[in-house]
Protein chains: 2
Amino acid sequence: MSDCLFCKISAGDVPAEKVHDDGELFAIKDINPTAPVHLLIIPHKHIETIADLEAAHAELIGKVYLTARDIARDEGFDEDGYRVVANCKRDGGQTVFHIHFHLLAGRPMSWPPG
Amino acid sequence: MSDCLFCKISAGDVPAEKVHDDGELFAIKDINPTAPVHLLIIPHKHIETIADLEAAHAELIGKVYLTARDIARDEGFDEDGYRVVANCKRDGGQTVFHIHFHLLAGRPMSWPPG
């Protein structure tokens, strides 16, 4: 069995409230939120980092942004706006090595982004 | 003629050093860098915000991450890591309304991301 936390959540072996799930991508609330809305959009497929992406994954990764767009519309922060952040490896601040995208909203995001 | 800065750079009407250009996406240095490496990856196609993305754009947006992966390998920060940030509208901190993706590297990125 995989030791990957997000694979376990994907499979339902670790409980988590999925606020979105279309079979390719799911979204959960970050357990340490840094904004009023702080979700993680996660491919079900296990890909460790951005560095491990292959050309065949392009459409899947693009769909992350369509999902962010849809969640923003559904949750009503589409007009105010939001930020999407993806961390790769140590300098990026990646802590779970299953690719995921932070969707942050509900307050003005400052600059620089970390 | 478009008033969009990134359309002008795309067309070559405003000079900028393109560190990458594959016909679909180009990359330039951010004029106000917040990290030792701070690039913008930009579709040639004019799309205002993430909220304006359509399903047909998914592969293009996914290719942004393949481009980030390739730039990281080419410029030698692939092992240390990096962060990719996309801002949508006011709360996201979007300043140019032509979709673009910040690629930040060369130092540990802190948390929260703005």
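Up top is the structure these notes are about.
Keep in mind the model is a prediction, meaning the values are calculated, not measured. The written sequence of each chain sets the order in which its residues are numbered from 1. Chain letters start at A and ligand numbers start at 1, both assigned in the order the entries are written. pLDDT decides what is reported in this predicted model: residues at 70 or higher carry local features, side-chain atom pairs at 80 or more are listed and counted, and totals for whole chains, interfaces and linings draw on all residues regardless. The side-chain values count all of the structure's non-hydrogen atoms but skip hydrogen atoms and water molecules.

### Regarding the interface of chain B and chain A
Stated precisely, the cut-off is as follows: By definition, residues are in contact when any of their heavy atoms lie within 4.5 Å. By buried area we mean how much accessible surface two parts lose on assembly, using a 1.4 Å probe and totalling the loss over both. Salt bridges, as used here, are contacts in which a Lys or Arg side-chain nitrogen is within 4 Å of a carboxyl oxygen on Asp or Glu. Here a polar contact means two N or O atoms within 3.5 Å. Within protein one must be a hydrogen donor candidate and the other an acceptor candidate, and residues neighboring in sequence count only if both atoms are side-chain atoms. Helix and strand definitions here come from DSSP, where helices need a minimum of 4 consecutive H or I residues and strands a minimum of 2 consecutive E residues; each element is numbered from the N-terminal end.
Each partner contributes to the interface: chain B provides 44 residues, whereas chain A provides 44 residues. A buried area of about 3,800 Å², summed over both sides, lies between chain B and chain A, and 57% of it is on carbon and sulfur atoms. For the chain B face of the interface with chain A, the top three residues by lost area are B:Tyr65, B:Asp91 and B:Gly114, together amounting to 18%. On inspection of chain B and its partner chain A, the count reaches five salt bridges. On inspection of chain B and its partner chain A, the count reaches 25 residue pairs in polar contact (both at pLDDT 80 or more). When residues in the side of chain B that touches chain A are grouped by element, the largest group, nine residues, is from helix H2 (residues 58-75) of chain B.

### What about the pattern of salt bridges?
What counts is decided by this rule: Note on classification: 1.4 Å probe, protein chains only; a residue is buried when its accessible area is under 20% of the maximum for its type, exposed when over 50%, partly exposed between these limits.
Per the stated rule, a full pass over the model turns up 11 salt bridges over all chains. Across the pair A:Glu24 and A:Lys63 runs a salt bridge whose closest N-O atoms are separated by 2.8 Å. Note that A:Glu24 is positioned in the loop between strand E1 (18-21) and strand E2 (25-29) and A:Lys63 in helix H2 (residues 58-75), a separation of 39 residues in sequence. For A:Lys63, a relative accessible area of 27% translates into the label partly exposed. For A:Arg90, the salt bridge is made with B:Asp80, and the minimal N-O distance between the two is 3.4 Å. With A:Arg90 in helix H3 (residues 89-92) and B:Asp80 in the loop between H2 and strand E4 (82-88), the pair connects residues from two separate chains.

### So, H2(B)
All names here are of chain B. In plain terms, the rule: Helix span is expected to be 1.5 Å times the residue number reduced by one.
Given a rise of 1.5 Å per residue, 18 residues ought to cover 26 Å, and the 26 Å separating the end C-alpha atoms of H2 matches this to within 8%. Within the sequence span of H2, burial applies to Ala-58, Leu-60, Ile-61, Gly-62, Val-64, Tyr-65, Leu-66, Thr-67, Ala-68, Arg-69, Ile-71 and Ala-72. Positive phi shows up at Gly-76, right after H2, with a value of about 80°.

### A closer look at the sheet that holds E2(A)
Operational definition: Pairing between strands is defined by DSSP: at least two bridges between the two strands are required. Axis definition: a line fitted to C-alpha atoms, limited for helices to the stretch in contact. Angles are taken between N-to-C directions and run from 0 to 180 degrees.
What the 10 strands build is an open sheet, ordered E1(A)-E2(A)-E3(A)-E5(A)-E4(A)-E4(B)-E5(B)-E3(B)-E2(B)-E1(B); its pairing is antiparallel. Single-partner strands in this sheet number two, and they are E1 of chain A together with strand E1 (18-21) of chain B. Adjacent strand axes in the sheet meet at a mean angle of 20°, parallel and antiparallel pairs treated alike. Taken together, the five bridges between strand E3 (residues 37-43) of chain B and strand E5 (residues 101-105) of chain B define a ladder with antiparallel strand orientation. In the strand pairing of E5(B), B:Leu39 is matched with B:Leu103. Contacts from H2(B) reach strand E4 (82-88) and strand E5 (101-105) of chain A together with E1, strand E2 (25-29), E3, E4 and E5 of chain B, with the element oriented near 145° to E3(B).

### Let's talk about the environment of A:His46
All names here are of chain A. Looking at the secondary structure, you find His-46 in the loop between strand E3 (37-43) and H2. Sequence separation of His-46 and Glu-24 is 22 residues, and the distance between their C-alpha atoms is 11 Å. Look past the residues within four positions of His-46 in its chain and what remains in contact with it is Cys-4, Cys-7, Phe-97 and His-98.

### Some points on the pairing of E2(A)
Residues and elements named next belong to chain A. Among the five residues in E2, four count as buried, and that is most of the element. Across three bridges, the pairing between E1 and E2 is antiparallel. Each residue of the ladder has a partner; that of Lys-18, found in E2, is Ile-28. Where E1 folds back on E2, the antiparallel hairpin that results is connected by three residues, among which Gly-23 adopts a positive phi of roughly 95°. Relative to E3, E2 is paired through five bridges, and the arrangement is antiparallel. Residue pairing for E3: Ile-28 is matched across the bridge by Leu-40.

### Side note on the relation of the copies chain B and chain A
To go from the first copy of the chain to the second, apply a rotation about an axis and then a shift along the same axis. Put simply, the rule is: When the copies are superposed, the least-squares fit takes in the C-alpha atoms of residues with a pLDDT of at least 70 in both.
Overlaying chain B with chain A gives an RMSD of 0.0 Å, the required rotation being 180° about an axis along which the chain moves by 0.0 Å. With respect to symmetry, the two chain copies, as superposed, fit the operation of a two-fold axis.

### Observations regarding the packing of aromatic side chains
Note the threshold: Think of it this way: a Phe, Tyr or Trp ring, Trp meaning its six-membered ring, pairs with another when their centres are within 6.5 Å, and the plane angle makes it stacked under 30 degrees, edge-to-face over 60, tilted otherwise. Two thresholds decide whether a charge sits over a ring: the Lys NZ or Arg CZ must be within 6 Å of the ring centre and within 35 degrees of the ring normal.
Taken as a whole and judged by the stated rule, the model has five aromatic pairs over all chains. Judged by centre distance (6.2 Å) and plane angle (40°), the ring pair of A:Tyr65 and B:Tyr65 falls under tilted. With A:Tyr65 in helix H2 and B:Tyr65 in helix H2, the pair connects residues from two separate chains. You can call A:Tyr65 buried: its relative accessible area is 0%. Aromatic side chains A:Phe101 and B:Tyr65 sit 5.4 Å apart centroid to centroid with 80° between the ring planes, which places their arrangement in the edge-to-face category. Taken together, the residues A:Phe101 in strand E5 and B:Tyr65 in helix H2 connect one chain to another. Among the aromatic residues, ring-to-ring pairing joins A:Tyr65, A:Phe101, B:Tyr65 and B:Phe101 into one connected group. Over the face of the ring belonging to A:Phe26 we find A:Lys18, whose NZ or CZ atom lies 5.5 Å from the ring centre.

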